[in-house]
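In case you want the letters, here they are:
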Amino acid sequence: MDYLRGNAAASAIGLFVISHYLSAFGEGRSEDELRRALQVLRTSGNSPDEAGAVLTASLAVGEGLGILTRESASAHWSVDADLARWLQVDGDRWPWFRGELLHRMTQTALRELEVGGKAPDLILGLTWFQQLSPLSPLQLAWGAGPEPLVMALNFDAVSRSEQWRPFLRWALALGLARRSDLGSARVLIPDASTAIIDQLPFLPAIASATDWLTALRKRLPLLGATNLLEQLPKGGPTWAAVPPGVVLGLLKLEKASVLSLESSDDASDVIALGLGTSTRQVGRISIRSI
């Protein structure tokens, strides 16, 4: 399943809105009922056709991920029963859904890779993007930064401006990027801090740095897992098991007192964390707060 081509109109927010709405209806809803009910998917700049495209593409992606189901093309849409229970819990459910969505997207990508030998375009694009340095972020404008970079790599996952626009939307929504607009410098910074914090309930409270990051990559393989790194272009940069976007995320969470990054005398479990010329040897990672 590709995200940036046939399903380019789909969005993480669209999937959340649809899933949250359906979670209240055990018997599901028809697609026509969804179109009438989910006016929130429309903005003042959307035509009815554009809003319909968001719904249709988001339904297709949700079905591919097992989040949304229907028995036939004419049947009602329903949301996965486990997701429905969690979506009905009081409070803001978007952070929880965002983390679960990214987890499902990456696990589905691994299954597709095992069966068909190819991971989805968006997952490969996000894997590559985390490898870029936050100290030299990409220009938002396609021709000013992304285009020459992907052309030099012959990287076809994100190879046209039509794919770059939905890529931006997904990267920001899933907590894997941060946009910065300072004067004329409009850039996209690889920053996995939000994606990491979404997964903290599933990660060790305290572990060696190696084991903790292994657990993180198991939840989100696009953050440096070997099987996805092997799908990136060869003959260019050396792809890192601890990508710069992850390093930035860990350092930000340490500064926010969410994580503790501790040194260790055990050289076998030490990892180097740093950006630019500043590097630290970290042997243990623990969760301080969620």
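About the thresholds
- Residues numbered from 1 in each chain as written.
- Predicted model: local features only at pLDDT ≥ 70, side-chain atom pairs only at ≥ 80, totals over all residues.
- Heavy atoms only, no water.
- pLDDT = per-residue confidence, 0-100.
- Helix = DSSP H or I, 4+ residues; strand = E, 2+ residues; numbered from the N terminus.
- Salt bridge = Lys/Arg side-chain N within 4 Å of Asp/Glu carboxyl O.
- Buried < 20%, exposed > 50% of the residue type's maximum accessible area, 1.4 Å probe, protein only.
- Core = buried A, V, L, I, M, F, W, Y, C linked by side-chain atoms within 4.5 Å.
- Contact = heavy atoms within 4.5 Å.
- Expected span 1.5 Å × (residues − 1).
- Pairing = 2+ DSSP bridges.
- Axes fitted to C-alpha atoms, helices over the stretch in contact; angles between N-to-C directions.

> Explain the confidence of the model for the protein chain to me, please; I cannot follow it from the model alone.
Close reading of the predicted structure is inappropriate where its pLDDT is low. Looking at the protein chain as a whole, the pLDDT averages 91, with 94% of positions reaching at least 70. Mean pLDDT per element in the protein chain: helix α3 (residues 48–64) is the minimum at 83, and helix α9 (residues 193–199) is the maximum at 98.

> I keep staring at the pattern of salt bridges and nothing clicks. Help me out?
One side chain can pair with another of opposite charge once the charged atoms of both are near each other. According to the stated counting rule, one finds 13 salt bridges in the structure shown. Across the pair R85 and D82 runs a salt bridge, and its minimum N-O distance is 2.1 Å. Linking R85 with D82, this pair stays in helix α4 (residues 81–87), spanning three residues, or about one helical turn. Owing to a relative accessible area of 44%, D82 belongs among the partly exposed residues under this scheme. Of the charged contacts in the structure, one is a salt bridge between R160 and E162, with a shortest N-O distance of 3.5 Å.

> What am I meant to see in the nonpolar core here?
Note that soluble globular proteins tend to have their nonpolar side chains buried in a common cluster. The biggest cluster of nonpolar side chains holds 92 residues, and the ones touching the most others in it are L101, W128, W170, I196 and W212. For this core, the element with the most residues is helix α5 (residues 94–116), which contributes nine residues. With sequence-adjacent residues up to four places away left out, I196 is seen in contact with W212, L216, L223, V246, G249, L250 and L253.

> Honestly, helix α12 (residues 244–255) in this entry has me stumped. Any pointers?
For an α-helix the count is 3.6 residues per turn, leaving residues at separations of three or four pointing the same way. The end-to-end C-alpha separation of α12 is 17 Å, in line with the 16 Å expected for twelve residues at 1.5 Å each. Buried within α12 are the following residues: P244, G245, V246, V247, L248, G249, L250 and L253. Looking at the buried positions of α12, the neighbouring elements they touch are β5 (185–190), α9, α10 (209–219), β7 (259–262) and β8 (271–275). Directly beyond the C-terminal end of α12, a positive phi value near 65° is found at S257.

> Can you help me understand helix α1 (residues 12–22) in this one?
Across the eleven residues that make up α1, a large majority, eight, are buried. Considered for burial, the residues of α1 that qualify are A12, G14, L15, F16, V17, I18, S19 and L22.

> Looking at this structure, I do not really get the sheet that holds strand β3 (residues 138–139). What am I missing?
Across a sheet, paired strands are connected by hydrogen bonds in the backbone, their directions being either parallel or antiparallel. With respect to topology, three strands assemble into an open sheet ordered β3-β5-β4, the strand pairing being antiparallel. The open sheet has two free edges, formed respectively by β3 and β4 (177–182), since each of these has just one partner strand. Both β3 and β5 contribute to a ladder of two bridges, which runs antiparallel. By the bridge assignment for β5, Q139 is matched with V187. Docked against the sheet, helix α8 (residues 161–173) engages β3, β4 and β5, running at close to 110° with respect to β4.

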